[in-house]
Amino acid sequence: MEKSGSENSSSQIFRDLLAGSSRAVVFTGAGVSTESGIPDFRSPGGIWSRMAPIDYQDFVRSAEVRREAWQRKFEMDDTMRGAQPNIGHAAIASMVERDVVRAVITQNIDGLHQASGVPADKVIELHGNTTYATCLECAERYELDDIKREFEVSRRLPVCDVCGGIVKTATISFGQSMPLGPMERAEEETLECDLFIAIGSSLVVYPAASFPLLAKRNGARLVILNREETPLDDAADLVVHDEIGPALARVVPLN
Ligand code: NAD
């Protein structure tokens, strides 16, 4: 494993790995969006240092918990909605546009890869998307503005007009099953890639964090870019402990 020595040497190794790849995959976590002002979960000051996550079963079981979940959602929504893609997102979009990267597998729920220009069909969202809501029974889509208006006036919880089911942000919560389609596509892309680049993930959230090891065991090279250590650093061909935007800007030509 090559640990990031000098900035120059790790950037050169990263560029060489990209140049030698014919099919790379990028895998992102919350760290790629902190430079857009969206806090991650585990860093100091991150969301979990302020509140514990809400479990899916509790959400389904209790109207009070659902009220708490929507209250939190709307409190955080201004930050989420005001966020713009940053240099890290732009560098990833540039790699996709150049066909260096075939797919972006993301744990993020903020939609910023799509906003940075990655075609939606190349973004595989493992944990869903928090910019809209769906019915848990029939998957009917609902927009947040409509739900927020009602909630702020009467604290009314959203219920599906079609089937009466519970409406929830289109994210995957703790305790909720992973989405089958995205998991299958992510596995396919992981098994077909020759270079797997994990960016801004603590690599502790499973099953998402199993993809880097799957790629490595299948013969792909593995790059990990994260400001702090991850449990998979020892398995990587290159580990870069740095800030994402500046590190990628040294490696990828921006459009
Ligand atoms: P995480 O919070 O567990 O880890 C983020 C990692 O990124 C940390 O190791 C941190 O040190 C690193 N990091 C943060 N900013 C960085 C920067 N600028 N440069 C380099 N490294 C940086 O995130 P995770 O592993 O993605 O898992 C947490 C879960 O939280 C995910 O499942 C995701 O669904 C959800 N989440 C998403 C968002 C979002 O969509 N933006 C935000 C918070 C949480």
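Residues numbered from 1 in each chain as written. Predicted model: local features only at pLDDT ≥ 70, side-chain atom pairs only at ≥ 80, totals over all residues. Heavy atoms only, no water.

### Details of the sheet that holds strand β5 (residues 128-135)
Sheet strands associate in pairs through backbone hydrogen bonding, adopting either a parallel or an antiparallel arrangement.
Here is step 1 of the chain: One open sheet holds the 3 strands; their spatial order is β6-β5-β7, and the pairing between them is antiparallel. Unpaired on one side and paired on the other, β6 (141-142) and β7 (167-171) mark the two borders of the sheet.
Here is step 2 of the chain: Against the sheet, helix α6 (residues 144-154) contacts β5, β6 and β7, and its axis sits at roughly 70 degrees relative to β5. (Pairing = 2+ DSSP bridges. Helix = DSSP H or I, 4+ residues; strand = E, 2+ residues; numbered from the N terminus. Contact = heavy atoms within 4.5 Å. Axes fitted to C-alpha atoms, helices over the stretch in contact; angles between N-to-C directions.)

### Things to note about the pairing of β5
Residues in a regular strand point their side chains to alternate faces of the sheet.
Here is step 1 of the chain: Most of β5 is tucked away: 6 of the 8 residues are buried.
Here is step 2 of the chain: Taken together, the 5 bridges between β5 and β7 define a ladder with antiparallel strand orientation. When the sheet's bridge partners are listed, N129 is paired in β7 with A170.
Here is step 3 of the chain: By the bridge criterion, 2 bridges tie β5 to β6 in an arrangement that is antiparallel. Within the sheet, the bridge partner assigned to T134 lies in β6 and is R141.
Here is step 4 of the chain: Hairpin remark: β5 followed by β6, antiparallel, with 5 residues in the connecting loop; positive phi at A139, about 70 degrees. (Buried < 20%, exposed > 50% of the residue type's maximum accessible area, 1.4 Å probe, protein only.)

### Considering unusual backbone geometry
Here is step 1 of the chain: Here Y206 and P207 are connected by a cis peptide whose omega angle stands at 10 degrees.
Here is step 2 of the chain: Even without being a glycine, A139 presents a positive backbone phi close to 70 degrees.
Here is step 3 of the chain: Accessibility expressed as a relative area gives 53% for A139, which makes it exposed.
Here is step 4 of the chain: The backbone of L203 sits at a positive phi, close to 55 degrees, despite the residue not being glycine.
Here is step 5 of the chain: Tracing the backbone through its elements, the reader meets L203 in the loop between β8 (195-199) and α8 (210-217).

### So, the packing of aromatic side chains
To describe a pair of aromatic rings, you give the distance between the ring centres and the angle between the ring planes.
Here is step 1 of the chain: Under the defined criterion, the tally for this structure stands at 3 aromatic pairs.
Here is step 2 of the chain: Between the aromatic rings of F27 and F196, the centroid separation amounts to 5.7 Å while the plane-to-plane angle is 35 degrees, which identifies the pairing as tilted. Here F27 is found in strand β2 (residues 24-28), whereas its partner F196 is found in strand β8, with 169 residues between them in sequence.
Here is step 3 of the chain: The exposure class assigned to F27 is buried, which follows from its relative accessible area of 0%.
Here is step 4 of the chain: Under the relative-accessibility criterion, F196 is labelled buried at 0%.
Here is step 5 of the chain: On the numbers, 5.5 Å between centres and 25 degrees between planes, the contact of W70 with F74 is stacked. Of the two residues, W70 and F74 are both situated in helix α3 (residues 63-82); the distance of 4 residues between them amounts to about one turn of the helix. Note on accessibility: W70 and F74 belong to one class, buried.
Here is step 6 of the chain: Members of the aromatic cluster, connected to one another through ring pairs, are W70, F74 and F151.
Here is step 7 of the chain: Across from the ring centre of Y132, 3.9 Å away, lies the NZ or CZ of R141, which sits over that ring. (Phe/Tyr/Trp six-rings, centres within 6.5 Å; stacked < 30°, edge-to-face > 60°. Lys NZ or Arg CZ within 6 Å of the ring centre and 35° of its normal.)

### Let's talk about the packing of α3 against α6
Here is step 1 of the chain: One can describe the packing of α3 onto α6 by two numbers: an axis separation of 11 Å at closest approach and a directional angle of 125 degrees. Classified by the interaxial angle, the pair formed by α3 and α6 is oblique. Both α3 and α6 take part in a crossing whose hand is left-handed. Contacts from R67, W70, Q71, K73, F74, D77, D78 and R81 of α3 reach α6 at L144, D145, I147, K148 and F151.
Here is step 2 of the chain: Across the contact of α3 with α6, the residue classes tally to 5 nonpolar, 1 polar and 7 charged. (Parallel < 35°, antiparallel > 145°, perpendicular 65-115°, else oblique. Left-handed = near helix turned anticlockwise from the far one by under 90°. Nonpolar A, V, L, I, M, F, W, Y, C, P; charged D, E, K, R; others polar.)

### A short note on helix α7 (residues 180-192)
Here is step 1 of the chain: With 13 residues, α7 extends 18 Å between its outermost C-alpha atoms, agreeing within 8% with the 18 Å of an ideal straight helix rising 1.5 Å per residue.
Here is step 2 of the chain: Summarising the contacts, the buried residues of α7 are in contact with β2, β3 (101-106), β4 (123-125), β8 and α8. (Expected span 1.5 Å × (residues − 1).)

### A word on the domain arrangement of the protein chain
Here is step 1 of the chain: Each assigned domain of the protein chain is listed here: domain 1 (1-37 + 85-127 + 177-255) and domain 2 (39-82 + 131-171).
Here is step 2 of the chain: Using only C-alpha atoms to locate each centre, domain 1 and domain 2 end up separated by 28 Å.
Here is step 3 of the chain: Counting residues at the interface gives 11 residues for domain 1 and 9 residues for domain 2.
Here is step 4 of the chain: Between domain 1 and domain 2, the buried area comes to about 790 Å², and carbon and sulfur atoms account for 60% of it.
Here is step 5 of the chain: Our count for the contact surface shared by domain 1 and domain 2 stands at 0 salt bridges.
Here is step 6 of the chain: On inspection of domain 1 and its partner domain 2, the count reaches 0 residue pairs in polar contact (both at pLDDT 80 or more).
Here is step 7 of the chain: Tallied by class, the residues present in the side of domain 1 that touches domain 2 amount to 4 nonpolar, 5 polar and 2 charged. (Domains from an automatic or database assignment. Buried area = accessible area lost by both parts, 1.4 Å probe. Salt bridge = Lys/Arg side-chain N within 4 Å of Asp/Glu carboxyl O. Polar contact = N/O pair within 3.5 Å; in protein donor to acceptor, adjacent residues only side chain to side chain.)

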